[in-house]
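Each chain is listed here by its residues.
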Amino acid sequence: MVLLTLILELLIIALVNSNYTGYKVYKVVPDTFEQLKAIDRFHYQPHFDFWQDGTTVGQTNNIMVAPKDQSDFEADLLKNKLNFEISVDDVESFLNQEKQERLMTRTFLSLGQVTFQSYMFYSEHMAYLRRLANDYPQIVTLDKIGESYEGRDLLLIHISSGPSDISKPVIFIDAGIHCREWISPPVALYIIQQLVENPENSYLYQNVDWYILPSLNPDGYEYTQTHNRLWRKNRRLTAGAECYGTDLNRNFDYMWMFDGASQDSCTEIYAGPEAFSEPETQALRNWFLNNTELNIKLYLTFHSYGEMMLYPWGYARVLPENFEELHRVGELAANAIGQATRINSNYLVNSSAILLYPAAGGSDDWVKAIAGVDLAYCVELPDGDAPFFFMLPARQILPVVQETFEGVKAFHSYIEETY
Ligand code: ARG
Ligand code: ZN
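Residues numbered from 1 in each chain as written. Chains lettered and ligands numbered in written order. Predicted model: local features only at pLDDT ≥ 70, side-chain atom pairs only at ≥ 80, totals over all residues.

- The name given to the chain in an unreviewed UniProt entry is Zinc carboxypeptidase A 1, with Hypothenemus hampei as the source organism.
- Under the Function (unreviewed entry) heading, UniProt states for the chain: "Involved in the digestion of the blood meal."
- You can read under Cofactor (unreviewed entry) in the UniProt record for the chain the words "Zn(2+)". (UniProt positions renumbered as here; feature names shortened; annotations may be inferred.)

Okay, here's the thing in structure tokens:
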């Protein structure tokens, strides 16, 4: 039965896929502030997809443009005296190559197992969590915090040394909110595996409790596996909207729609019809609001890519009152990763609006501002040793998850020592 489903899924991957024939990715680097603004406008244009964002003069942007928009786009660049290079000449063949590699390296897992040699299906993520809950009932409990729009379980794993002592500091981690950022769930799963199944790490949950949600946008994730590798948003169609999906990381109710978000459903940064309009963001909100008695000290949300440790605020270029601590602790983690890296990761640490771009409605801002968690970070994971963008090859999962775990341990020791 399981085998049959897997074979079916592989067939779907091989046959049904959105078509990116002729789509190009343009690499553009602005030299002036005017040029920077000219590029930024495309964030708000339907169907333009930034694979990389440059926020200041001199930084690289990579923008995917559909064939029908290419001549206007190139004319616009010319008008603004912007030179460009082509990073990906035909997105379709780029994706096909990735797909072939993926099918070849695909490992068949027996139910409840985890792997870091290939990307797993959502069903396999969940089977792994369920197996752990079954095998380690003293330390693991599972909580279904809600369902995705299409009815998939949003499973949160709680790892704890036992009789819940609500004064213990808590670390909360989620992953997969942007579903094409495939390296994010494995990072969460590796932390889970190391905590639960590697006895050497049991010290990590003696004084600190962990809550980890590895797949926050399972509908989107499934869709990237079967239909469109580049899907970012969830899969709900807003009533009356033209295009599917809301950017879940623009849908949280703190300074919603303030900046870096759009009300056009065909953009990649569509914030939804209103804050918390989506079942996936509602589930996270409800969990935090239902657990206010917990002593949550650290929130991590994993994204890719960029090698950045981003702290609030994201909505604008202003800093929270504890920014010095946020910066210092972010650097502890970044340095730990830098020490451990085998793929030359080199993290930058700053507020996300300053280092990346202002974007309101993110989970990190809401968790800090409303759920009251002092330390919140959006971790932009690496894209490997070549520009793979979101398509990090399976062979690089292991080095990324291992080095990131070193960063997470650095966060943990700060939390343990401080609280
Ligand atoms: N790449 C992430 C995004 O675009 C960064 C989010 C950072 N946090 C924020 N609140 N803007 O969603
Ligand atoms: Zn993201």
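## Some remarks on the overall build of the chain
Thought 1: When helices and strands are tallied, the chain shows 12 helices and 12 strands.
Thought 2: Computed over C-alpha atoms, the radius of gyration of the chain comes to 21 Å, within 12% of the 22 Å expected from 2.2 N^0.38 for 419 residues, which places it in the range of a compact globule.
Thought 3: For the chain, the C-alpha atoms occupy an extent of roughly 65 × 55 × 45 Å along the three principal directions.
Thought 4: Among the 419 residues that make up the chain, the fraction classed as buried is 47%.
Thought 5: The contacts in the chain between residues at least 6 apart in sequence include a share of 73% that link residues at least 24 apart. (Helix = DSSP H or I, 4+ residues; strand = E, 2+ residues; numbered from the N terminus. Rg over C-alpha atoms; globule rule 2.2 N^0.38 Å. Buried ≥ 20, exposed ≤ 12 C-beta atoms within 10 Å, placed from the backbone. Contact = placed C-beta atoms within 7 Å.)

## Section: the sheet that holds strand β7 (residues 169-175)
Thought 1: In space, the eight strands of this open sheet follow the order β5-β6-β8-β7-β9-β12-β10-β11, with mixed pairing throughout. At either margin of the open sheet sits one strand with a lone partner, and together these are β5 (140-147) and β11 (348-351). Going from strand to strand, the sheet's axes swing by 20° on average, the running direction of each strand aside.
Thought 2: Across the sheet, helix α8 (residues 279-290) is in contact with β5 and β6 (153-159); its angle to β5 comes to roughly 130°. (Pairing = 2+ DSSP bridges. Axes fitted to C-alpha atoms, helices over the stretch in contact; angles between N-to-C directions.)

## So, the packing of helix α9 (residues 323-340) against helix α12 (residues 397-418)
Thought 1: Between α9 and α12, whose axes approach to 8 Å, the crossing angle comes to 145°. The element α9 and its partner α12 pack so that their crossing is right-handed. Only Gln402, Glu403, Thr404, Glu406, Gly407, Lys409, Ala410, Phe411 and Tyr414 of α12 make contact with α9, whose side of the interface consists of Val329, Leu332, Ala333, Ala334, Ala336, Ile337 and Ala340.
Thought 2: Classifying every residue of the contact of α9 with α12 gives 10 nonpolar, three polar and three charged. (Left-handed = near helix turned anticlockwise from the far one by under 90°. Nonpolar A, V, L, I, M, F, W, Y, C, P; charged D, E, K, R; others polar.)

## Points about the nonpolar core
Thought 1: Ile157, Val187, Ala188, Ile191, Ile212, Tyr299 and Met309 are the most contacted members of the largest nonpolar core, which totals 119 residues.
Thought 2: Per element, the largest residue contribution to this core is eight residues, and it comes from helix α6 (residues 184-197).
Thought 3: The contact partners of isoleucine 191, leaving out residues within four places of it in the chain, are Ile173, Ile212, Phe405 and Val408. (Core = buried A, V, L, I, M, F, W, Y, C linked by C-beta atoms within 7 Å.)

## Overview of the site of ligand 1
Thought 1: With respect to spatial proximity, the complete set of residues near ligand 1 consists of Asn249, His303, Leu310, Gly314, Ser352, Leu356, Ala359, Gly362, Asp364, Asp365 and Cys378.
Thought 2: Of the residues belonging to the shell around ligand 1, the class tally is four nonpolar, five polar and two charged. (Near = placed C-beta within 6 Å.)

## Section: the pairing of strand β10 (residues 308-311)
Thought 1: Alternating residues of β10 divide into Met308 and Leu310 and Met309 and Tyr311, and every residue in both groups is buried.
Thought 2: Across four bridges, the pairing between β10 and β11 is parallel. Residue pairing for β11: methionine 309 is matched across the bridge by valine 349.
Thought 3: Taking the sense of rotation as the criterion, the β-α-β connection linking β10, α9 and β11 turns out right-handed. (Right-handed = clockwise from strand over helix to strand, strands pointing away.)

## Concerning the UniProt feature "active site" (unreviewed entry) in the chain
Thought 1: The UniProt feature table records "active site" (unreviewed entry) at Glu380.
Thought 2: Tracing the backbone shows glutamate 380 in strand β12 (residues 375-381).
Thought 3: Here glutamate 380 is in contact with His303, Ser304, Tyr305, Gly306, Glu307, Met308 and Leu310, once residues within four sequence places are set aside.

## Points about the sheet that holds strand β4 (residues 84-88)
Thought 1: Read from one edge to the other, the open sheet built from four strands follows the order β2-β3-β1-β4, with strand pairing classed as antiparallel. Edge positions in the open sheet fall to β2 (49-52) and β4, since each of these has one partner strand only. Mean inter-strand twist for the sheet, computed between neighbouring axes without regard to direction, equals 35°.
Thought 2: Both strand β1 (residues 24-28) and β4 contribute to a ladder of four bridges, which runs antiparallel. Across the sheet, the residue bridging to lysine 27 is glutamate 85, located in β4.

## Here we look at helix α4 (residues 91-105)
The periodicity of an α-helix, 3.6 residues per turn, causes residues three or four positions apart to be oriented the same way.
Thought 1: Here α4 contains 15 residues, and its C-alpha end-to-end distance of 21 Å stays within 8% of the 21 Å for a straight helix at 1.5 Å per residue.
Thought 2: Looking at α4, one finds that the buried residues are Val91, Leu95 and Arg102. With its buried residues spanning 25° around the axis, α4 presents them on a single face. Set apart from the buried face of α4 by more than 90 degrees, the exposed residues are Ser93, Gln97, Gln100 and Met104.
Thought 3: Contact partners of the buried residues in α4: β1, β3 (61-65) and β4. (Expected span 1.5 Å × (residues − 1). Arc of directions from axis to C-beta.)

## A few points about α8
Thought 1: Taking 1.5 Å as the rise per residue, α8 with 12 residues should run 16 Å; its terminal C-alpha atoms sit 16 Å apart, in good agreement.
Thought 2: The complete set of buried residues in α8 reads Glu280, Thr281, Ala283, Leu284, Arg285 and Phe288.

## Points about the environment of valine 65
Thought 1: For valine 65, the position within the fold is in strand β3.
Thought 2: Its 22 C-beta neighbours within 10 Å are what place valine 65 among the buried residues.
Thought 3: Discounting residues that sit within four places of it in the chain, valine 65 has contacts with Tyr23, Lys24, Tyr26, Phe48, Gln70 and Phe73.

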